[in-house]
Every structure is written in structure tokens, then in C-alpha cells.
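Observations on the three-dimensional arrangement
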Amino acid sequence: MKKLNFLLPVLVLSWSATVAADDAPKKAPFRFDQIPPHTTLGFYGDSITQGVAMGRAEKGGGMSGWKDDMDPALGQDLGGLYHQYIQLFLATRFPGKDLQTLNLGHSGGTVDGGITRLKWDFLPNPPAVVFVHFGMNDVKRPQYPPKDVRPADTQRNPVRDTYRKNMTQLTDQLAAAGSTVIILSPTNYDETAAGKKEPAGGHLNEELGLFGGLGKELAEQKGYAFVDLHAPMTGITAEKQKENPKWSFTADRIHPKNGGDEVMAYTILKTLEAPGIVFDVALDAAGKVSREDNAKVSGATAQAGGLAFTLEEKALPFPVLKKDRGFALVPFQEELNRQLLSVTGLAPGRYGLAIDGTEVAEHSAEELAAGLNLATNEKTPQFQAAKELHDLIMDRKLVIEQRMCMVRNNLRFSLRELDGANYASIDWNDPPSVLAAVNRAIDSGKAKGWGG
């Protein structure tokens, strides 16, 4: 077997956990391929953004509480992953930039609630870019009976008008704070999957599509970017249920799991023109370079039965793991994860591909001439480095950020019920004020188990 070798210089990733505001937030529609080097991206929404639960799956159903030493393989119910995948994409595609995502989701959230919590969740430190994702609770699901009955427009029009009015008010305030606004449509409500315990509401998913249309109209009116998540998720659901009537993105008809977060991330990145090239390098058997996109080839020399060269890369591939099964439902690898290498003019035969002395694949001369997408090869050192980054980001986002988000939001839910008239006076940016509210709840005897 002949040899094809190239060396991989050290690629230094600059991924910072600090929250950095963009120096000059732009009001024009947002594009990932033009993202400034210091940008914070906030995701403002409901439980689909916050994440629905974290705990160990128990026999008989349900979830246990979170344990710090929990093995991720034990089956915690992960939600809110779509923006974590976006964080991973940004870290691997733009290693020289300081790009940070923030989980600003609130379980049970509505647009009206989003307006209320602006003063403590958003305005103290507005991100440069904010993705607005509401609608699943605003649509008022209880109005939809468990049979195929369409609520009358006289019943639905006030709900639509409220959504439109509140979305306008919320996005106006977000933009006034200096943030670039991106509206995400609601995701789909799966009213067609067979075998789900929760009854399906007739025409509810259709109504969520209408809400998406209202968001698109507002985006066009105000000059915001818009991403339609509803149509592709509804379409994939319909196709998959032709094969298996029980298939669903969700376990409860609402929260995307089963690949839904991956489809959401792909749709957002694709719609907002994220660059699909990790690198694209082409050369011939003599070492002549014809293309070096997002990489630099040097020292290319023909050797007996092969070719050797050094490749300086400017990005890492996005590491799609087996558990990230939703990426197989969309052309993510083909469109957004192209780590391309082609070598033409090689003599017929099989060639071993080695990177830094480690053989990672074997291909024919014809396959090498047609081009390889190395992003799908888990043996490459680039993929392995990206996988380490995957684990770092997911641990940080799940164990720290999402956990803090849930504790914070649950505390607010609880104190709203326990602190009575004093709730409105709590300053959520002042820890002593929050602690005083907690102590009032404990002293009242209503907060059982909080003391001690």
C-alpha cells in the first residue's frame, strides 16, 4: 500500500468562557459568516431553550434529582441543546474569535413573561445578538381539545393579536438595548405521533405555523433576521411517521429531543449563512496546489509511491457523535461540515492517509481524486481535538450554565408563590434582596424543607 502523508501543525483554539459584549452591535439582519470577533449570543425563550430536566432516569418513569457525580450515560433528560450545538460550531469554526452563547430560557415562559423579566435577565448585560424563541406556551394549548376540532377564529384571533403585540413590544425593547434581534419560529407540536400519553390537540401544530408567520412578518417589518424552525421539523416528522407512526422528535409532543435540537441548530446555522467549509484543499501528485480554502499548504513533495505536505488549518471539524443522531436527518455534514481534501494525478492503487504519522484511512486513487470529507473520519487528530472541545462545552453548558438557569428560574417561580406581595420588590440583581425573600419564605413556614 502506498502512502499519503501530511503534517498537522498545532492549532491553538481561543475559546473563552467570559461574557464579552460586541464592540459595535449591528442592527442589520444577522449572518454567521460575518460575525464580529467578540460577540455574545443570547437565546431568550421558554423551556425549549432552558432545557426541560436534568436527572437520572428511574425505573417506572420519572427523573431523579441531579447528582454532581452523575455519569452522562445514565440517561438524564437533556433539553435546550440546540444553542449548545451552536456554541460548539462557533468554537470549532472560528477558533480565533471570542464567541459566547447564553442560556436565557425560562421554563413555562411566554412573550409577556419575557417582557417582565427583561429587567433582571437581559437588560443588566445585553448580549450583542439575541435569538427570540417563544410561542409554544403563548398559543394556549388547553384551548385545543384532544380531537380534531379547530377552535373558532373568534376564540383564536385575540390570542394571535396578543402574540403579535407582545412580540413587537419585546423585540423593540431588545433592539433598543443595542442587541441584534433574530426571531425563531415556534417548533412543531407533534399531534400525529401514535402511542403518546398526552392527547393531541387538533390543528394546534397548524396554529404554531401561523405564529411563525406572524414572527416572519414582524421580522420583515423591523429588519430582523428570521429562522423558520416549524416547517422543516413538521416536514421531517411527517416523513419519519410514514415509516414508523410512533416516531417523534418529542416524548411529550412539545420538547424536541430525539434529534430535534440538532435539526434546530442546523436550520439556524444554515438559514443565517454559517460557513460550511472547515477547509478545502486540492493538490496534485506532484505537490502543485490548486485550492487552499481556510488552510495553507506548504512543503508539498512527491515521494516514492505517494505525497507529503504540511497543512496549516484555520478551523476544526464539528465532531458529530453517534448520540447526535439528529444531524443524520439533515444534510449537515454535506453542507456545513466540509473538511475537504483531494489529490489528483496519483497512479492507480490504494493509498494510506496518515496525519502526524498516524494512519487514519485508506483510499483508492479515484476516491482521493474525487475528494474526501475528513470531517466524518473519527480517527483524525482534528476530530479527536474537536471531540475534547465537545465534551468541555457540553459539560460547562449542562452542569454549570443550564443548572444555574434552572435553579434561578425555579427560585423565582417558588418565591412568586411564597413571598406574596413582597415579590414585586425583590431586586434580582442584588443577592441580599433575594436572600431576604428566601428568609421571609422560610420564616413564614410556607417553604417546607428550605431551612436548616
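Scroll up a little and you will see the structure.
Let me sum up the structure you'll find in this document. Computed from a predicted structure; not experimentally measured. (Residues numbered from 1 in each chain as written. Predicted model: local features only at pLDDT ≥ 70, side-chain atom pairs only at ≥ 80, totals over all residues. Heavy atoms only, no water.)

Attention now moves to the overall build of the protein. For the protein, the helix and strand inventory stands at 12 helices and 14 strands. Residues counted as buried form 51% of the 452 residues belonging to the protein. The long-range fraction of contacts in the protein, counting pairs at least 24 apart against all pairs at least 6 apart in sequence, stands at 72%. (Helix = DSSP H or I, 4+ residues; strand = E, 2+ residues; numbered from the N terminus. Buried < 20%, exposed > 50% of the residue type's maximum accessible area, 1.4 Å probe, protein only. Contact = heavy atoms within 4.5 Å.)

Of all the 7 residues making up strand E11 (residues 338-344), 5 are buried; the element is thus mostly covered by neighbouring parts of the structure. Strand direction decides the pairing type here: strand E7 (residues 277-284) and E11, joined by 7 bridges, are parallel. The residue of E11 that forms the bridge with Val281 is Leu341. In this structure, E11 lies alongside strand E14 (residues 372-373), joined through 2 bridges in antiparallel fashion. Pairing of Leu340 across the sheet is with Asn373, part of E14. (Pairing = 2+ DSSP bridges.)

Time to look at the environment of Thr180. With respect to the helices and strands, the residue Thr180 is situated in strand E5 (residues 180-184). Relative accessible area serves as the criterion here: at 5%, Thr180 is assigned to the buried category. It is 6.1 Å that separates the C-alpha atoms of Thr180 and Val130, two residues lying 50 residues apart in sequence.

Our focus in this paragraph is the packing of helix H7 (residues 230-243) against helix H8 (residues 260-271). At a closest axis distance of 10 Å, the pairing of H7 and H8 adopts a crossing angle of 135 degrees. Classed by the angle they form, the pair H7 and H8 counts as oblique. Crossing handedness for the pair H7 and H8: right-handed. Contacts between H7 and H8 pair Pro232, Met233 and Ile236 from the former with Gly260, Val263, Met264 and Thr267 from the latter. (Axes fitted to C-alpha atoms, helices over the stretch in contact; angles between N-to-C directions. Parallel < 35°, antiparallel > 145°, perpendicular 65-115°, else oblique. Left-handed = near helix turned anticlockwise from the far one by under 90°.)

Our next topic: the sheet that holds strand E3 (residues 98-105). Taken together, the 5 strands give an open sheet; going across it, the order is E3-E2-E4-E5-E6, and neighbouring strands pair in parallel fashion. Where the open sheet ends on each side, the last strands, each with one partner, are E3 and strand E6 (225-227). The average undirected angle you get between the axes of adjacent strands in this sheet is 20 degrees. One ladder, built from 8 bridges, connects strand E2 (residues 38-45) with E3; its direction is parallel. Looking at E3, one finds that Gly45 is bridged to Gly105. On top of the sheet, helix H2 (residues 82-93) reaches E2, E3, strand E4 (129-133) and E5; it is set at about 175 degrees to E3, its chief contact.

Glancing now at the side chain of Asp280. Following the sequence through the fold, Asp280 ends up in strand E7. Among all residues touching Asp280, those that are not within four sequence positions of it are Arg291, Glu292, Asp293 and Leu340.

A separate point is the pattern of salt bridges. When the charged atoms of two side chains with opposite charge come close together, those side chains can pair. For the structure shown, the criterion picks out 17 salt bridges. Across the salt bridge formed by Glu243 and Lys240, the nearest N and O atoms sit 3.8 Å from each other. Separated by 3 residues within a single helix, Glu243 and Lys240 lie in helix H7, roughly one turn from each other. You can call Lys240 partly exposed: its relative accessible area is 23%. As a salt-bridge pair, Lys270 and Glu335 come within 3.6 Å of each other at their nearest N and O atoms. In this pair, Lys270 sits in helix H8 while Glu335 sits in helix H9 (residues 332-336), placing the two residues 65 residues apart along the sequence. Residue classification places Lys270 among the partly exposed positions, given a relative accessible area of 40%. Each member of the salt-bridge network shares a partner with another, and the members are Asp153, Arg156, Arg160 and Glu207. (Salt bridge = Lys/Arg side-chain N within 4 Å of Asp/Glu carboxyl O.)

Attention now goes to H8. The end-to-end C-alpha distance of H8 is 16 Å, a good match for the 16 Å that 12 residues give at a rise of 1.5 Å each. Buried within H8 we find Gly260, Asp261, Glu262, Val263, Met264, Ala265, Tyr266, Thr267, Ile268 and Leu269. (Expected span 1.5 Å × (residues − 1).)

With that settled, consider the sheet that holds E11. Pairing in this open sheet of 4 strands is mixed, and the strands run E8-E7-E11-E14 from one edge to the other. The open sheet has two edge strands, strand E8 (289-293) and E14, and neither has a second partner.

On to the nonpolar core. One finds Phe32, Phe131 and Ile268 to be the most contacted residues of the largest nonpolar core, which totals 76 residues. Broken down by element, this core gets its largest block of residues, 7 residues, from H2. In contact with Phe131, other than residues within four places in its own chain, are Phe32, Leu41, Gly42, Phe43, Tyr44, Ile182, Leu184, Ile268 and Leu272. In terms of nonpolar packing, the next biggest core, distinct from the first, is built from 23 residues, Phe279, Leu283, Val297 and Val343 among them. (Core = buried A, V, L, I, M, F, W, Y, C linked by side-chain atoms within 4.5 Å.)

In this section: unusual backbone geometry. Here Lys140, not a glycine, exhibits a phi torsion of approximately 60 degrees, which is positive. Structurally, Lys140 is set in the loop between E4 and helix H5 (153-176). In the Ramachandran plot, Glu273 falls in the positive-phi region, its phi being about 60 degrees despite a non-glycine side chain. Within the secondary structure layout, Glu273 lies in the loop between H8 and E7.

Just distances and angles here, no functional claims.
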